[in-house]
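One letter stands for each residue in the lines below.
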Amino acid sequence: MSKHSHSPSYKYDLITFAALMILTIITIWASYATGGTSVLAVSVAMLIATIKATFVVRNFMHIKYDHIIYKVFIGIVMLLFLSFIVLLGIDYALR
Amino acid sequence: MDNHAIDSHLNFYETKRGLFSWIFTLDHKRIALLYLYSISLFFLVGVALGFLMRLELFSPGGQVMDPRTYNQVFTFHGVIMIFLVIIPSIPAVFGNFFLPIMIGTDDVALPRLNLFSWWLYIFGALMALGTLMFGNGPADTGWTFYAPYSVTSDTNVSMLLLAAFILGFSSILTGLNFIVTIHRLRAPQMPWFRMPLFAWGLYATAWIQLLATPIVGITLLMVVMERTFGIGLFDPSLGGDPILYQHLFWIYSHPVVYVMILPAMGIVSEVIPTSAQRTIFGYKAIALSSMAIAFLGYFVWGHHMFTSGMSDQARVVFSFITFLVAIPTAIKVFNWIATLYKGSIYITPNLLWSTAFIFNFLIGGLTGLINGALAADVHVHDTTYIVAHFHYTMFGGTIFVFLGALHYWFPKIWGRMYNQKLAYWALGLTFVGFNILYGAMLTVGVKGMPRRYYDYLPQFEFLNKVATVGSWILIIGILLMIYNLIRSARKGEIAPRNPWNGVTLEWQVPSPPPLHNFDRPFILSEKGPYDFSLLEKINEVEQKPLDH
C-alpha cells in the first residue's frame, strides 16, 4: 500500500462488513424468490457474489489504496473470467 | 547497479556443502538444479513408459502388456510428461537459474516461496508415484481425466488428481514469483523493452500459470468430490454434464500449452542472436507476440472439443479465434529467420537444437491449423495424428529447446564445456529418431488409426513398426546426450565466462556464477539486450582481475 494518505478506519470496515451481511441475506431471499435452481436464480446469485467480492477486494484487501497497476491487473482478470462465461454461454445457450 | 560483490570467489556450488545445503537452499541457482535433477529423472521414467508403449504397438495383438496395463501406461506417461516434466521444465530450471541474472539481480523476489514450490513439486510427484502402490493401481483415464469415465474408474484416479492439484500449486507459486521478480527487481537501467526476450517469455508464461492453473485445480477437485460424495457435476447418470468438464479442463489446458512453449520460444530468441552475432530482428514484435499468444491462448480451448457435442455456433467461434493464434507465432518464426539472414553464424549444437525446434514446431504448428479447421478436425480427431501433432509441438518444441538450452547454458551452469562432436551425434540421432517416430504416427493417423488403442488393424502395421524403430533411434540419441553432458560436467574443459560470445547479462558473470551472481558491475546497452557492439567490452572483463 502506498502512502496511507487515506488509511481505512474501523468504522469503514464495519460498514463494509454490514453491507456484506445484508447482501448475504439478499442472496438467500433471492434464491427463494427466483426458484433456487433456475438460470435466473444462478445469475442473480452470481451477480450478488460478484458485488460482495468487489467489496472484499476493494476494502478489506486494500486495493482501493493501492497502485493503479494492481487495479489494472484485477480488471484484466475480471474481463478474462467474464469472457470465459460468455464463451461457455454461447455453447450452453445454443447447444 | 546494486553491486552484490561478495567476499570470495567461491561459486554457488562451493559456498555450502552437504545434502541439507541443497534441499533447504534459498539460492535460485541451486533450486533450479534441484528442479533439473528431479525433472530429468521423471523425464527418463516418461521415456521408458513411451518406449514400452511403442514396443506394445510394434505388431498387432498383445506384445508386452495387457490392455488394462496399456491404458495405465499411457495415462502415467501423459501425467508424468505433462505435469512433472514439460510444465515445470523451462521456467523452473532455466527460469529460476537465469531470470535473476538476466535482469541484473541476485535472486528471485521470494526465495522461500521458490523453495516451497520445489517441495510442493516433490510432494505432488511422490503422490503421483504413490498411485502405483495402492488400490487398483494407477489411473487408466488418460492424462485428460475425461468425465464420466474418471468418475467411475476403479483405479487410483482421486489420488492422481490430488497430485495434479498439488503440482498446480507449485506452478502457480513459481509464476507468482517470476511476476513479482520482473516487476520489482529488474536492474534500474533495464526498462521493460530492454529486458531479454527469455524474460519476456517467462513473464507471459507466469501470467498464464497464475490465472489459468486455479481453474484446473478446482475442476480436478470437483471430480474428486464427485467420486467421493456422488455429487452430480459431470456424470450424466447423476445429472451432471460431461461437456462442462471438458470446457473447464481445456480452459486451463490449452493456455498451459503456452506455459510449455512460450519460455522455449524465449530461449530460441536468446540462442539465435548469440549464434548469428547480431541483434534480434523485431525485438518488440517478439516480446509483444509472447503477450499476445498468452492472451489469445485463453480463448481457444474449444478447439479440443469440436467433436464433443458442443454447439455449432461455439465451434465456429473457437475455430476462428484459433486461427488468430497463428499470427503472433508466425511473427516469432519470421523474426528468428530474419535474424539469421546474413548474420555471422557460428554453427554450434546450441544453434542446431534451435533450428531443429523451428523445423519441428513448424510441422507441429501447421498440423495444428488442420486441427483448428472445423471440417478437417472431425476426420483426424482422436487419431494418432493428434498424438503426433501434440508431440511435434511439445517434444519437438519444448523438449528440444530444453535440451538445446542445456547445451547453451551448460558452460555457465557447470563451468565446463561439453564435447561438441558427441553433441552433434546426439542431436542428429534425436532429431532423426523423433521425426521417424512422429512422422509415421502423423501418417498412420491420417490413414485412420485411432489413438489410445491397444490393438490395431493389419494395414497399420508397417507404419507402426517404422514408428517403433524411430523410438529406438530417439532413445539412443537421448542416452548419448545424457552421457555426454554428465561426462562433460565432470571432465570437460574449463569454461570461460563467455564461451559463445553472448551479450546478455549471464555471460558477464563467472562460470559457474558466485552465490550473489555478480562479481562486478555489469554492462548494459541503451540499445537493448542484444547490442553486439558491446561484445569486445564485455569480453575484456574476462581478462581483468577483480579488484577487492
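Everything numeric here is computed off the predicted structure, so don't read it as measured data.

The rules behind these values
Residues numbered from 1 in each chain as written. Chains lettered and ligands numbered in written order. Predicted model: local features only at pLDDT ≥ 70, side-chain atom pairs only at ≥ 80, totals over all residues. Heavy atoms only, no water. Helix = DSSP H or I, 4+ residues; strand = E, 2+ residues; numbered from the N terminus. Rg over C-alpha atoms; globule rule 2.2 N^0.38 Å. Buried < 20%, exposed > 50% of the residue type's maximum accessible area, 1.4 Å probe, protein only. Contact = heavy atoms within 4.5 Å. Areas by Shrake-Rupley, 256 points an atom, 1.4 Å probe, with all protein chains shown as cover. Core = buried A, V, L, I, M, F, W, Y, C linked by side-chain atoms within 4.5 Å. 1 Å grid on protein atoms, 1.4 Å probe; cavity = no way out; pocket = protein on both sides within 12 Å on 5 of 7 lines; lining within 4 Å. Points joined across faces, edges and corners; volume = space filled by probe spheres on them. Nonpolar A, V, L, I, M, F, W, Y, C, P; charged D, E, K, R; others polar. Salt bridge = Lys/Arg side-chain N within 4 Å of Asp/Glu carboxyl O. Buried area = accessible area lost by both parts, 1.4 Å probe. Domains from an automatic or database assignment.

K.L.:
How do you make sense of the overall build of chain A when you look at a structure like this?
P.N.:
When helices and strands are tallied, chain A shows 3 helices and 0 strands. Its helices and strands in sequence order give chain A the pattern α-α-α, from N to C terminus. Compactness check: chain A gives a C-alpha radius of gyration of 17 Å against a globular reference of 12 Å for 95 residues, more than 25% above the reference. Along the three orthogonal principal directions, the C-alpha set of chain A runs to about 50 × 30 × 10 Å. Out of the 95 residues belonging to chain A, those deemed buried represent 20%. Considering only contacts in chain A between residues 6 or more positions apart, those separated by 24 or more positions represent 67%. Total accessible area on chain A is roughly 6700 Å²; 77% of this is exposed by carbon and sulfur atoms.

K.L.:
Any chance you could explain the nonpolar core here in plain terms?
P.N.:
Generally speaking, nonpolar side chains in soluble globular proteins are found buried as a group. Residue and element names in this part refer to chain B. Core analysis: the biggest nonpolar cluster contains 200 residues, and Phe94, Trp336 and Trp409 have the highest contact counts within it. Considering each element in turn, this core owes the most residues, 22 residues, to helix H3 (residues 67–102). Contact partners of tryptophan 409, with chain neighbours within four places excluded, come to Phe94, Phe98, Met102, Phe198, Ile267, Glu506 and Trp507.

K.L.:
Would you explain empty space enclosed by the protein in this entry?
P.N.:
Empty space among the atoms can be located by rolling a probe the size of a water molecule over them. All names here are of chain B. Tallied over the full model, the rule gives 4 cavities of 30 Å³ or more. The calculated volume of the largest cavity comes to roughly 150 Å³. Considering the residues around the largest cavity, the lining is formed by 17 residues, among which Phe83, Ile87, Pro88, Leu167 and Ser171 are closest to the centre. Elements that contribute at least two residues to the lining of the largest cavity include exactly H3, helix H6 (157–184) and helix H7 (197–229). Residues belonging to the lining of the largest cavity are distributed by class as follows: 11 nonpolar, 6 polar and no charged. Its volume calculated, the second largest cavity comes out at about 90 Å³. Lining the second largest cavity are 16 residues, and of these Val503, Ile523, Leu524, Gly528 and Pro529 lie nearest its centre. Among the residues forming the lining of the second largest cavity, the class breakdown is 10 nonpolar, 4 polar and 2 charged.

K.L.:
Just to check I follow, could you spell out the pattern of salt bridges for this structure?
P.N.:
Think of it this way: side chains of opposite charge can pair up when their charged atoms draw near. Under the defined criterion, the tally for this structure stands at 9 salt bridges over all chains. Linking B:Glu461 and B:Lys465 is a salt bridge whose minimum nitrogen-to-oxygen distance equals 2.6 Å. One end of the pair, B:Glu461, and the other, B:Lys465, are both in helix H17 (residues 461–491), 4 residues apart, so they sit about a helical turn from each other. You can call B:Glu461 partly exposed: its relative accessible area is 25%. Under the relative-accessibility criterion, B:Lys465 is labelled partly exposed at 22%. Here the salt bridges share partners, and the residues they tie into one network are A:Asp91, A:Arg95 and B:Asp241.

K.L.:
What should I look at first to understand unusual backbone geometry in this one?
P.N.:
For residues that are not glycine, phi is negative in most cases, and the peptide bond is trans in most cases. Residues and elements named next belong to chain B. A cis amide bond, omega 5 degrees, links alanine 147 with the succeeding residue proline 148. Note the cis peptide between serine 511 and proline 512, where omega equals -10 degrees. Note on placement: proline 512 falls in the loop between H17 and helix H18 (535–543). Even without glycine at this site, glutamine 277 takes up a positive phi of about 55 degrees. Summarising the element assignment, glutamine 277 is placed in the loop between helix H9 (255–276) and helix H10 (283–296). Exposure remark for glutamine 277: the relative accessible area of 17% places this residue in the buried category.

K.L.:
Help me out: how do you make sense of the interface of chain A and chain B in this one?
P.N.:
By a frequent convention, interface size equals the accessible area lost on bringing the separate parts together. If you look at the interface, chain A gives 14 residues, while chain B gives 21 residues. Between chain A and chain B the total buried area reaches about 1600 Å² when both faces are included, carbon and sulfur atoms providing 79% of it. Contact with chain B buries area across many residues of chain A, yet A:Leu80, A:Phe84 and A:Leu87 alone supply 32% of it, more than any other trio. On inspection of chain A and its partner chain B, the count reaches 1 salt bridge. A salt bridge links B:Asp241 to A:Arg95; its shortest N-O distance comes to 3.4 Å. Considered class by class, the residues forming the side of chain A that touches chain B number 11 nonpolar, 1 polar and 2 charged.

K.L.:
Please clarify how the side chain of B:His391 should be interpreted in this entry.
P.N.:
Examined against the element boundaries, B:His391 turns out to sit in helix H14 (residues 384–408). Those residues in contact with B:His391 that sit more than four places away from it in its chain are B:His77, B:Gly396, B:Phe434 and B:Tyr438.

K.L.:
Help me understand the domain arrangement of chain A, please; the structure alone is not making it clear to me.
P.N.:
As far as domains go, chain A holds domain 1 (7–61) and domain 2 (67–95). Inter-centroid distance (C-alpha atoms) of domain 1 of chain A to domain 2 of chain A is 19 Å.

K.L.:
For this particular structure, what's the right way to read the environment of B:Met394?
P.N.:
Residues and elements named next belong to chain B. Relative to the assigned elements, methionine 394 resides in helix H14. For methionine 394, a relative accessible area of 2% translates into the label buried. Not counting residues up to four positions away in its chain, the partners in contact with methionine 394 are Ile86, Val257, Met260 and Ile399.

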